[in-house]
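Structural overview
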Amino acid sequence: MVLRSSHPDSDFKLQSFFHGELYTSDIEAAIARTATRRKRNQLRATAERQQLLDILIAWREQTHDEDPYQGVWPITRLIHDDGLELLSKTPATGITSLSDLVALEESEEWGSEYGTQIFTIIKQFDQQCEVKAKTNSQSRNPMAHELQREPKLAQR
């Protein structure tokens, strides 16, 4: 935008004395250009977090108890409390492979030793949650169950 003098016969251009754009009271347009809202991270449902965290803590305790070096290594050698909490908050869509799990928390060596076990636990938990969600949605909407049965009756 070039600012010109308010006098009709003048060639004066204020823009030529400054580098870049000048402020022109069009504040809404400037804010709209610069203000982009950051998308919020998606988290696992609150009701599921504690259940998964309890399962992961139980796995860590059992794995540590079975380790021949349990007296030498602390339980947090397997995975720290913060790591367990992070895994319990990460949504099901956030961990789709073992490499996602390793990228979230630990090293490749840790992934080969313990990551597959944790990945299996998380996937089983997610599958159980999906089954519960389906049964809950069918029990809330009994007509959905009847609609699923109707095509079978029509085929007979």
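Above this text you will find the structure in question.
All figures in this text were calculated on a predicted structure; none of them were measured in a lab.

1. Structural notes on helix α2 (residues 46-66)
- A rise of 1.5 Å per residue sets the reference length of α2, with its 21 residues, at 30 Å; its end C-alpha atoms lie 31 Å apart and thus fit the reference within 8%.
- For α2, the set of buried residues is L52, L53, L56, W59, R60, T63 and H64. The arc that holds every buried residue of α2, seen down its axis, measures 125°, which confines them to one face. Of the residues in α2, the exposed ones pointing more than 90 degrees away from the buried face are A47, D65 and E66.

2. Let's talk about the side chain of H64
- Tracing the backbone through its elements, the reader meets H64 in helix α2.
- In this view, H64 contacts Q70, W73, P74, I75 and L78; residues no more than four positions away in its chain are not counted.

3. Here's the deal with the packing of aromatic side chains
- On inspection of all chains with the given rule, the structure shows 1 aromatic pair.
- On the basis of an interplanar angle of 75° and a centroid distance of 6.2 Å, the ring pair of W59 and Y114 is categorised as edge-to-face. Linking W59 in helix α2 with Y114 in helix α5 (residues 108-140), this pair joins segments that are 55 residues apart in sequence.
- We classify W59 as buried; its relative accessible area is 9%.
- For the cation-ring pair, R77 lies above W73, with the distance from its terminal atom to the ring centre recorded as 4.8 Å.

4. Examining the pattern of salt bridges
- Within the structure shown, the criterion is met by 6 salt bridges.
- For the salt bridge of R60 with D81, the shortest nitrogen-to-oxygen distance reads 2.8 Å. Taken together, the positions of R60 in helix α2 and D81 in helix α3 (residues 81-89) put the pair 21 residues apart, joining distant regions of the chain.
- Take R60: its relative accessible area is 6%, and that puts it in the buried class.
- A salt bridge links D67 to R77, with the shortest nitrogen-to-oxygen separation between them at 3.8 Å. Of the two residues, D67 sits in the loop between α2 and α3 while R77 sits in the loop between α2 and α3, which places them 10 residues apart along the sequence.
- Classification of D67 as buried rests on a relative accessible area of 13%.
- A relative accessible area of 33% means that R77 is categorised as partly exposed.
- A network of salt bridges, in which partner residues are shared, links R44, E48, K123 and D126.

5. Side note on the nonpolar core
- Ranked by internal contacts, the top residues of the largest apolar core, which has 18 residues, are L56, I79, L87, L101, I118 and I122.
- Mapped by element, the contributors of at least two residues to this core are α2, α3 and α5.
- Ranked by residue count, the leading element in this core is α5, at 8 residues.

Conventions adopted
Residues numbered from 1 in each chain as written. Predicted model: local features only at pLDDT ≥ 70, side-chain atom pairs only at ≥ 80, totals over all residues. Heavy atoms only, no water. Helix = DSSP H or I, 4+ residues; strand = E, 2+ residues; numbered from the N terminus. Expected span 1.5 Å × (residues − 1). Buried < 20%, exposed > 50% of the residue type's maximum accessible area, 1.4 Å probe, protein only. Arc of directions from axis to C-beta. Contact = heavy atoms within 4.5 Å. Phe/Tyr/Trp six-rings, centres within 6.5 Å; stacked < 30°, edge-to-face > 60°. Lys NZ or Arg CZ within 6 Å of the ring centre and 35° of its normal. Salt bridge = Lys/Arg side-chain N within 4 Å of Asp/Glu carboxyl O. Core = buried A, V, L, I, M, F, W, Y, C linked by side-chain atoms within 4.5 Å.

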